[in-house]
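Observations on the model geometry
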Amino acid sequence: MEFLRLAKREEVYLNYFTLFKPLGTEKVSIFEAFRRFVARDILSPEDVPPFPRSTVDGYALIAKDTFGASISSPSILRLVGEVKMAEEPHKKLESGEAMRIWTGGWLPEGADAVLMLENSSLNGELLEVYKPVAPGENILKIGDDVKKGEVIVKKGFPIRSQEMAILQTLGILEVEVHRRPRVIIIPTGNELAEPWQELRPGKIRESNSISILSLIKDYSEKVERHPIVPDDWQSIKSVIKRNLAAYDLLLLSGGSSKGVGDLVTSVIEDFEGGEIIYHGVSISPGKPTIFARIKEKPIIGLPGHPVSSFVATYLFALPLIKYLQGDLNFKPDHLGFLELGTDIPSKPGREEWIRVKREGNKLTPIYSESGVISSLVKADGLVRIPENVEGYHQGELVEFYPV
């Protein structure tokens, strides 16, 4: 295999667009569509509201009849009826007339505003108006909420609870979304033992797969963990071959560092259509991450150290899973800018992702080797230091990524 330079993080994301396509689509009930990404723009089939309606309890009237009204000099209108709920009014209002109306009631023809109850009093059939209203006040016209043909949910955006509500309002009970990916996590390493096994000298319990799974499971159709695979060319080849067709993404945990990583890349390149896109990314931690594909199937080799594996999953595996299900905004996004409680030094030349503890609006860095899993437990999030920045000083505002 020829030497491959370290990739920039944004380069990796760009390759998602150029090398892979979102998965196929399926139609699902809106009751199963929460957080799914729509495959094409959803258009409104009708106007909302479909008739002019009141937004308050009060009196439908003609606004100009109230101009100049005050408590000391009220406008006097004649009450000519009531608009019953769920019924269309059959009388057209004339100047000097008003009709009782309830929130959501159908605005009678001729009316152009609704006066709130508290700004009036009723004496028999005479309505005293104590406050003027403007044309259009306290009413919704046809299509004021949603117009027929308007885009309700754009392609590539998720369906949230509010979209579910408006879709049901419009009678859209089924939507076309991208399928969520099926993912398999394949832990590799001669030094690894299954979590339920008694440890022998030189062995450690495998733990990366559970942190990987917890990060991605809410975005996947299913995530399965394969038993530990030894650092053996034929074993790795056999496992990939058996699972290639059944899953949309293969995550190899461990086996990405120099030496063992060459073994993994050699296996992938042995497949027809096997290609190593990048072997190494210009970030810390997470540098040894492998990006590959076998024909159209993406494969990510995640580093073996727990912190590196966690960061690489957060920065690359999770965004790819989001992209595969149609998410156009798949990149990690920071919560905002928070203040540093102490200096964070950094070496320019690579992008660093520093674990931090949050106390209020201040962040404190957590320093440790990438193999120290307890540092992840202590951390509330990550701070990104761009590759051309030589660290940050106490009191500076930095990007905070909660994890």
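Structural data are supplied above this passage.
We now turn to the structure provided with this report. (Residues numbered from 1 in each chain as written. Predicted model: local features only at pLDDT ≥ 70, side-chain atom pairs only at ≥ 80, totals over all residues. Heavy atoms only, no water.)

**Some words on the pattern of salt bridges**
Operational definition: Salt bridges are defined by distance alone: a side-chain nitrogen of Lys or Arg within 4 Å of a carboxyl oxygen of Asp or Glu. Think of it in three bands: residues with accessible area under 20% of the maximum for their type are buried, residues over 50% are exposed, and the middle band is partly exposed, with areas taken using a 1.4 Å probe on protein chains only.
Throughout the structure, instances matching the rule amount to 20 salt bridges. The shortest N-O distance in the salt bridge between Arg-160 and Glu-163 comes to 2.7 Å. Residue Glu-163 is classed as buried on the basis of its relative accessible area, which comes to 12%. Connected via shared salt-bridge partners are Arg-9, Glu-351, Arg-384 and Glu-399.

**Focus: the sheet that holds strand E9 (residues 126-129)**
Short version of the rule: The rule for pairing is simple: two strands pair if DSSP sees at least two bridges between them. Only DSSP runs of H or I with at least four residues qualify as helices, and only runs of E with at least two residues qualify as strands; both kinds are numbered from the N terminus onward. Under this scheme, a helix contributes an axis fitted over its contacting stretch, all axes are lines through C-alpha atoms, and angles between N-to-C directions fall in the 0 to 180 degree range.
Ordered by their spatial adjacency, six strands build an open sheet running E7-E4-E6-E5-E9-E8, and the pairing between neighbours is mixed. Only two strands of the sheet have a single partner each, and these edge strands are strand E7 (113-116) and strand E8 (120-123). Adjacent strand axes in the sheet meet at a mean angle of 40°, parallel and antiparallel pairs treated alike. Sheet topology note: the strand E5 (residues 75-82)/strand E6 (residues 97-101) ladder contains three bridges and is parallel. Counterpart to Leu-79 in the pairing with E6 is Ala-98.

**Brief notes about the pairing of E9**
A regular strand places its side chains on the two faces of the sheet in alternate fashion. Side-chain alternation along E9 places Leu-127 and Val-129 on a buried face and Leu-126 and Glu-128 on a face that remains uncovered. Pairing between E5 and E9: four bridges, direction antiparallel. Bridge pairing in E9 links Leu-77 to Leu-127. Strand direction decides the pairing type here: E8 and E9, joined by four bridges, are antiparallel.

**Side note on empty space enclosed by the protein**
Threshold: Throughout, the protein atoms alone are placed on a 1 Å grid, and a set of points is a cavity if a 1.4 Å probe fits but cannot get out or a pocket if it is open with protein on both sides within 12 Å along at least five of seven lines; lining residues have an atom within 4 Å of a point. Grid points are joined across faces, edges and corners, and a volume is the space filled by probe spheres set on the points. Classification convention: Asp, Glu, Lys, Arg as charged; Ala, Val, Leu, Ile, Met, Phe, Trp, Tyr, Cys, Pro as nonpolar; all other residues, Gly among them, as polar.
This structure, assessed with the given rule, holds one cavity of 30 Å³ or more. Of the voids in this model, the largest cavity is the one considered here, and its volume is about 70 Å³. Contributing to the lining of the largest cavity are Val-12, Asn-15, Tyr-16, Phe-20, Ile-277, Tyr-278, Phe-291, Ala-292, Pro-298, Ile-299, Ile-300 and Leu-320. The residue inventory of the lining of the largest cavity, partitioned by class, reads 11 nonpolar, one polar and no charged.

**Digging into the nonpolar core**
Rules: What is meant by a nonpolar core is a set of buried Ala, Val, Leu, Ile, Met, Phe, Trp, Tyr and Cys residues, joined one to another through side-chain atoms within 4.5 Å. Note on contacts: a residue pair qualifies if any of its non-hydrogen atoms lie within 4.5 Å across the two residues.
Ranked by size, the top nonpolar core spans 39 residues in total, and within it Tyr-16, Ile-216, Leu-251, Phe-291 and Phe-316 carry the most contacts. If you list the elements that add at least two residues to this core, you get helix H1 (9-19), strand E13 (182-187), helix H3 (208-216), strand E17 (249-253), strand E18 (274-279), strand E21 (297-302) and helix H6 (306-324). Looking at this core, the element that brings in the most residues is H6, giving 13 residues. Apart from residues no more than four positions distant in its own chain, Phe-291 is found in contact with Val-12, Tyr-16, Glu-275, Ile-276, Ile-277, Tyr-278, Val-281, Ile-299, Ile-300 and Phe-316. Counting 20 residues, the second largest nonpolar core, distinct from the first, contains Ile-186, Val-264, Phe-271 and Ile-276.

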